[in-house]
Amino acid sequence: MKGHLAFVLFSFFIVKIACGQEAGFDPKDPIRNISLAQWTAEDGLSSNNLTHVFQDSKGLLWITSFNGVMMYDGERVEIYDINNLDLLETDGFYTVTEDDNGVIYLGSQGSGLIKYFNGTFSKVESRSGHLPKSIPSLLVSQTGALYIGSNNQGLYKLTDNDVEWIDIPSLNKSTISSIKEDSEGRIWVATEGQGLFCLRNDQLESYLSMEEGLHDNYIESLACTSDGLLMIASTKGLQYIDRNGLLISIDELSDVYINYLFVDEWNSVWVGTENGLARWSGELNKVDWVYGKKGLDLVRLSSIMIDRENSLWLTSSRIGLVRLKESRLTNLMEPDISSNRINILHESWDGNLYIGTDQNQLDIYRDGNYDRIKITTDLAGNGVRDIYHDKDGTFWLATYVGVIHKDGEKETLYSTGNGMPANNFRLVLKDKKGFFWFGSRSGGLVKFKDGVVHEIFDNENKLESNFILSIAESSNGNLLIGTHSGGISVLDSSGEVSTYHLKEDDAGVLLFNIDLMSDSTALVTANVGLLYFDGSHLVPVKLTSDRRSKTFFDLVDDGKNNFWVTTNLGILQIDKSDWDSYMSNQIEELPYIVLDENSGMNNKECTGATRSLLTTQGKVMVPTLGGVCEISPNNLRVDNSPPEVLIRSVLVDDEELPIQNEFTVIEPGALRYIFEFAVISYTAPERNQFRYKLEGFEKEWSSSDYSGRVEYTNLPPGKYTFKVVGANESNIWNTNPTTFSFRVEPFFYQTIWFYLLILALMIGIFLIIYKWRISFINRQNVELKKVNAELDRFVYSASHEIRSPLSSILGLINLARLGEPNKQAEYFDHIEKSVNRLDDFIHDIVDYSRNARLGIEIEEVDFETMISNILEDISHTENFERIHHEVSYSLENTFYSDPKRLKIVLSNIITNAFKHHQPDRVGHPSVSIEVSGNKQEAQIVVQDNGPGIEKNHVPKVFKMFYRATTRSEGSGLGLYIVEETLAKLQGSIDVKSKLGEGSTFKISVRNLKTLFEK
């Protein structure tokens, strides 16, 4: 055995997972910052004692247990056991895997090898050899063979339905706990009690046991990293064999009972133990632990997997199925702060974050450090409602016992006892003139300075409500005041107030916060939804509905790409580009993404009627009932890929149809049709949405629905196609429908009508085809006439354009022969100009030909490089150095088009701007090039102050061989080619010119990103 170890030590190679790497979590981020979800028997699982979880090629989750096998699609859990599978002898299952043909293999406890294919379970029967009945481990090898690890009977191999027992004496009576294959085809076999075996070509190559340095001969799991480490887990810790063949122990995991290993794409090794989940990073040489969260302990973990959406799935023999996600958020919570019930956040000029809770104190947070300021005034258990830290270092605190001015240890209370109209204050604002404004629940709005109340605004003085919920100051000094049941009031600098209402009677409408977009416009969050204030009207904003009642508390503009709206059901992330589309009526509903516990919030319920905060560091801080939720917009990673949608079952009168068939025929008389479907997204399956349509029965798609089930009854005879699309929690829709086609057969008495319908349909189709054909021929004729006319003109003009420079060359040659020798250089210059003119014309003809016959080739366009190259190409021309030019770029999105055609267009326009300029006739000759655009299109504006074009010539400059002036040396094809090329690119060109003042060419080109993705 020692000889085998020496062979391993000297010949060990780089190994990696043959099946490819899975997505993983960034090892630099601690795994304690996770969101966690749990599924148990109460959620539909057959048991909490689970053995394995696996995601197949369709995206479905397979979960094995000792009480059957389960399939989970995000909508429903389907359980298969001895009650609905007659082929089973017991309910026990150990493991599951899939081969390259989409066949699912299940290792059972007593029922042998089970396979699932095309919706059917069956027991694998071999042509030769026999299979074990108890199978705890499986591996599909690179060759397609299935290696089967048994209980107490060693290792088997299934190839093309033939079974071979791998006859190795020391392995034959072993229980195989784990099987892995490396990149050279070697099979590593872990056993319970007999150590580790390495096979090459099914022959024993090496063997390791405790004698060779293993912690234990009972090996629970193996894993391979792509950088050449073989990980070995046992009941006594984690070891690995490195690239040099050395067996190394990981001290931090010594004596840890390990059940399962999994390697992600970062080469991090996830370790499932009896008491917690660990992650070992070889690159960082550290072990990170998470033992549980929110009362759920991660114990007795039996398997680990990362799915397509980068969620980590765990099975346990105690706590069922658990999903972990990288948290998109962080939370400031107890015990770091005094309470998880947050009322207000205030970032001060001193860099501190001051936090008001229900406690009799202020919490202070800065750069991971916490502190507290005691408030001596008794707040009667209601805490601090608003905070203002003045430049003199004092605090102004709004509380329900009055306004407190805290100067060090000294506290002055302003309440009804000394002139205030109420005690229940909930907001503080200091305006640009140094006045304080205190908003109360019952006494209106107080204007205050230097210890004196200057004026009280309430329902008896200019306002329509005494309950002040929000206040914002615009740059022009106006105050916008949000109230309870009294609308929004605008108080100008002269003291005049104008009030605006959402509806005629605003009773019950609470305007919690106002986010100014300009001096007169704002977004307003309210208990009735999100509102837009345009300066004179409050207008509801129509958001995509998810059929759950939400109250909107505050909105934060992160100054970049998103609005963040706090609600009682989480935080809504709204893309500003969607807002622009909504405001320009391009979309009817404003989509959003919901952030809640699934995203990492400690508690999804934001504190009601409070303000959130955008810090100077660009972070969004939100008061919640679970502490302060912190969002770093720059660090949020959103997967924009659309989810897969599956039709899971079709039932006709309670009989399930095979959904694998391309077309299904249903006998006459069927009454009830049930379609069940699922969005394969598990990040927040309760928020997956569907739209569906039964083509042949319905003309329009259904509205968005959260139920993955629909039922139809009494469908008339005919052909139907059920179509369904879906969206995940990020509101990313899969617009490519999943379909199921079928035909309902008619009864015999319906047949004649069926034939008449077919006949009428055929006649209609014939007429449509006939009319289309006639229309097509007419269009062809018109096109041919146009082409012939252009061809005639092309031949005439082309012959002239070619003959003219050739005649000039011949004449100059004769002059050179007969003329004076000292003028030969001049003759050669003229000959060179004629040749260049002829060459330019030939280039124009080639460009025209290519544009007419070649297809569009869509690629990402680099405008900056393209225009730089064009300017470099013309930099040798005589006018270039004398003409000042400027180029500016302001593209918002990546732009896709045909770069070759686009270069032809820009080269013509830019070259003309320099070539036809007359720098001697203007004081400051210039050419400017401006490139801008959005998601839909790009615009290129080329402007010069050259000679310009006469007004009567401007409409004709894009005609073939047209010259606006006799001074032009071009072929007359350039601008014609530009317009023809832009037509291919779904673009257009517009020219404005004035004789003697210059010309402006404006080019608009559609962004072909959608075609590029297709």
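Above this text you will find the structure in question.
Quick word on the packing of helix H6 (residues 899-915) against helix H7 (residues 974-984)
Part 1 of the argument: Their axes nearest at 9 Å, the elements H6 and H7 cross at an angle of 145°. Remark: the crossing between H6 and H7 carries left-handed chirality. Between H6 and H7, the contacting residues are Arg901, Ile904, Val905, Asn908, Ile909 and Asn912 on the first element and Gly974, Leu975, Ile977, Val978, Thr981, Leu982 and Lys984 on the second.

Notes on the pattern of salt bridges
Part 1 of the argument: Summed over the entire model, instances satisfying the criterion amount to 40 salt bridges.
Part 2 of the argument: Note that Arg200 is salt-bridged to Glu205, the shortest N-O span being 2.6 Å.
Part 3 of the argument: Residue Glu205 is classed as buried on the basis of its relative accessible area, which comes to 12%.
Part 4 of the argument: Of the charged contacts, one joins Arg300 and Glu274 as a salt bridge, the two residues approaching to 3.5 Å between their closest N and O atoms. Taken together, the positions of Arg300 in the loop between strand E27 (296-297) and strand E28 (301-306) and Glu274 in the loop between strand E23 (268-273) and strand E24 (276-281) put the pair 26 residues apart, joining distant regions of the chain.
Part 5 of the argument: By relative accessible area, Arg300 is classed as partly exposed at 33%.
Part 6 of the argument: Judged by its relative accessible area of 22%, Glu274 is partly exposed.
Part 7 of the argument: One continuous salt-bridge network, built from bridges that share partners, spans Asp73, Arg76, Glu78, Arg648, Asp654, Arg672, Glu676, Arg709 and Glu711.

Brief notes about H7
Part 1 of the argument: Among the residues making up H7, those that are buried are Gly974, Leu975, Tyr976, Ile977, Val978, Thr981 and Leu982.
Part 2 of the argument: Of the residues trailing H7, Gln986 is marked for its positive phi of about 55°.

A few points about the sheet that holds strand E43 (residues 452-457)
Part 1 of the argument: Taken together, four strands build an open sheet; the order of strands is E40-E41-E42-E43 and the sheet is antiparallel. Both outer strands of the open sheet, strand E40 (425-430) and E43, are each paired with one neighbouring strand and no more. Averaged over all pairs of adjacent strands, the angle between strand axes in this sheet comes to 25°, irrespective of strand direction.
Part 2 of the argument: As paired elements, E40 and strand E41 (residues 436-440) share five bridges and run antiparallel to each other. Residue Phe425 lies in a different strand from E41, and its bridge partner there is Ser440.

Overview of the sheet that holds strand E13 (residues 162-166)
Part 1 of the argument: Strand order across the open sheet formed by four strands is E10-E11-E12-E13, with antiparallel pairing between neighbours. The sheet is open, and its two borders are formed by strand E10 (137-140) and E13, each paired with just one other strand. For this sheet, the mean angle separating the axes of adjacent strands, direction not counted, is 20°.
Part 2 of the argument: Both strand E12 (residues 155-159) and E13 contribute to a ladder of five bridges, which runs antiparallel. Its bridge partner being in E13, Lys157 is matched across the sheet by Glu164.

Topic: the side chain of Thr610
Part 1 of the argument: Along the chain, Thr610 turns up in the loop between strand E55 (593-595) and strand E56 (613-614).
Part 2 of the argument: According to the relative accessible area criterion, Thr610 is buried, its value standing at 9%.
Part 3 of the argument: There is a polar contact of 2.9 Å between the side chain of Thr610 and the backbone oxygen of Thr607.
Part 4 of the argument: Setting aside residues no more than four positions away along its own chain, Thr610 makes contact with Asn343, Asn513, Phe553, Asp554 and Pro623.

As for the nonpolar core
Part 1 of the argument: Phe863, Leu902, Leu906, Ile910, Ile940 and Ile1003 are the most contacted members of the largest nonpolar core, which totals 36 residues.
Part 2 of the argument: Among the elements of the structure, helix H5 (863-873), H6, strand E70 (926-933), strand E71 (937-944), H7, strand E72 (987-994) and strand E73 (998-1006) are those that each provide at least two residues to this core.
Part 3 of the argument: Top contributing element to this core by residue count: H6, with seven residues.
Part 4 of the argument: Other than its neighbours up to four places away in sequence, Ile910 contacts Ile867, Ile870, Leu871, Ile874, Ile929 and Val942.
Part 5 of the argument: Counting residues in hydrophobic clusters, the runner-up holds 31 residues, among them Ala37, Phe54, Ile63 and Phe121.

Here we look at unusual backbone geometry
Part 1 of the argument: In this chain, Glu334 is followed by Pro335 through a cis amide linkage whose omega measures 5°.
Part 2 of the argument: Structurally, the position occupied by Pro335 is in the loop between strand E31 (329-332) and strand E32 (342-347).
Part 3 of the argument: Non-glycine residue Gln986 carries a positive phi angle of around 55°.
Part 4 of the argument: With respect to the element layout, Gln986 can be found in the loop between H7 and E72.

What to know about a nonpolar patch on the surface
Part 1 of the argument: A surface patch of nonpolar side chains, amounting to about 860 Å² of accessible area, comprises Ile752, Leu756, Leu759, Ile763, Phe766, Leu767, Tyr770, Ile774 and Ile777.
Part 2 of the argument: Looking at the secondary structure, you find Leu759 in helix H3 (residues 751-818).

Side note on helix H2 (residues 576-583)
Part 1 of the argument: The set of residues buried in H2 consists of Lys576, Trp579, Ser581 and Tyr582.
Part 2 of the argument: Positive phi shows up at Asn585, right after H2, with a value of about 65°.

Let's talk about the pairing of E72
Part 1 of the argument: Alignment of E72 against E73, held across eight bridges, turns out to be antiparallel. By the bridge assignment for E73, Asp990 is matched with Lys1002.
Part 2 of the argument: Hairpin connection between E72 and E73: a loop of three residues separates the two successive antiparallel strands, and Gly996 in this loop has a positive phi of roughly 85°.

Regarding the packing of aromatic side chains
The geometry of two aromatic rings is summed up by the distance between their centres and the angle between their planes.
Part 1 of the argument: Applying the stated rule across the entire model yields 46 aromatic pairs.
Part 2 of the argument: Plain terms: the ring middles of Phe66 and Tyr94 are 5.9 Å apart, the flat faces sit at 90° to each other, and that makes the pair edge-to-face. Residue Phe66 is located in the loop between strand E3 (61-65) and strand E4 (68-72), and its partner Tyr94 is located in strand E6 (residues 93-98); the two are separated by 28 residues in the primary sequence.
Part 3 of the argument: Among the residues examined, Tyr94 registers a relative accessible area of 19% and is labelled buried.
Part 4 of the argument: Between Tyr116 and Phe121 the ring centres are 4.6 Å apart and the planes differ by 55°, which places this aromatic pair in the tilted class.
Part 5 of the argument: Taken together through their ring pairs, the aromatic side chains of Tyr673, Phe675, Phe677, Phe690, Tyr692, Phe697, Tyr712, Tyr720, Phe722, Phe740 and Phe742 make up a single cluster.
Part 6 of the argument: Across the ring face of Phe435, the terminal group of Lys447 is positioned such that the distance to the ring centre comes to 4.4 Å.
Part 7 of the argument: The lysine or arginine in question, Arg691, covers the ring of Trp733, its NZ or CZ lying 3.9 Å from the ring centre.

Conventions and cut-offs
- Residues numbered from 1 in each chain as written.
- Predicted model: local features only at pLDDT ≥ 70, side-chain atom pairs only at ≥ 80, totals over all residues.
- Heavy atoms only, no water.
- Axes fitted to C-alpha atoms, helices over the stretch in contact; angles between N-to-C directions.
- Helix = DSSP H or I, 4+ residues; strand = E, 2+ residues; numbered from the N terminus.
- Left-handed = near helix turned anticlockwise from the far one by under 90°.
- Contact = heavy atoms within 4.5 Å.
- Salt bridge = Lys/Arg side-chain N within 4 Å of Asp/Glu carboxyl O.
- Buried < 20%, exposed > 50% of the residue type's maximum accessible area, 1.4 Å probe, protein only.
- Pairing = 2+ DSSP bridges.
- Polar contact = N/O pair within 3.5 Å; in protein donor to acceptor, adjacent residues only side chain to side chain.
- Core = buried A, V, L, I, M, F, W, Y, C linked by side-chain atoms within 4.5 Å.
- Patch = residues over 30% accessible without salt bridge, like charges linked within 9 Å, V, L, I, M, F, W, Y side chains within 5 Å.
- Areas by Shrake-Rupley, 256 points an atom, 1.4 Å probe, with all protein chains shown as cover.
- Phe/Tyr/Trp six-rings, centres within 6.5 Å; stacked < 30°, edge-to-face > 60°.
- Lys NZ or Arg CZ within 6 Å of the ring centre and 35° of its normal.

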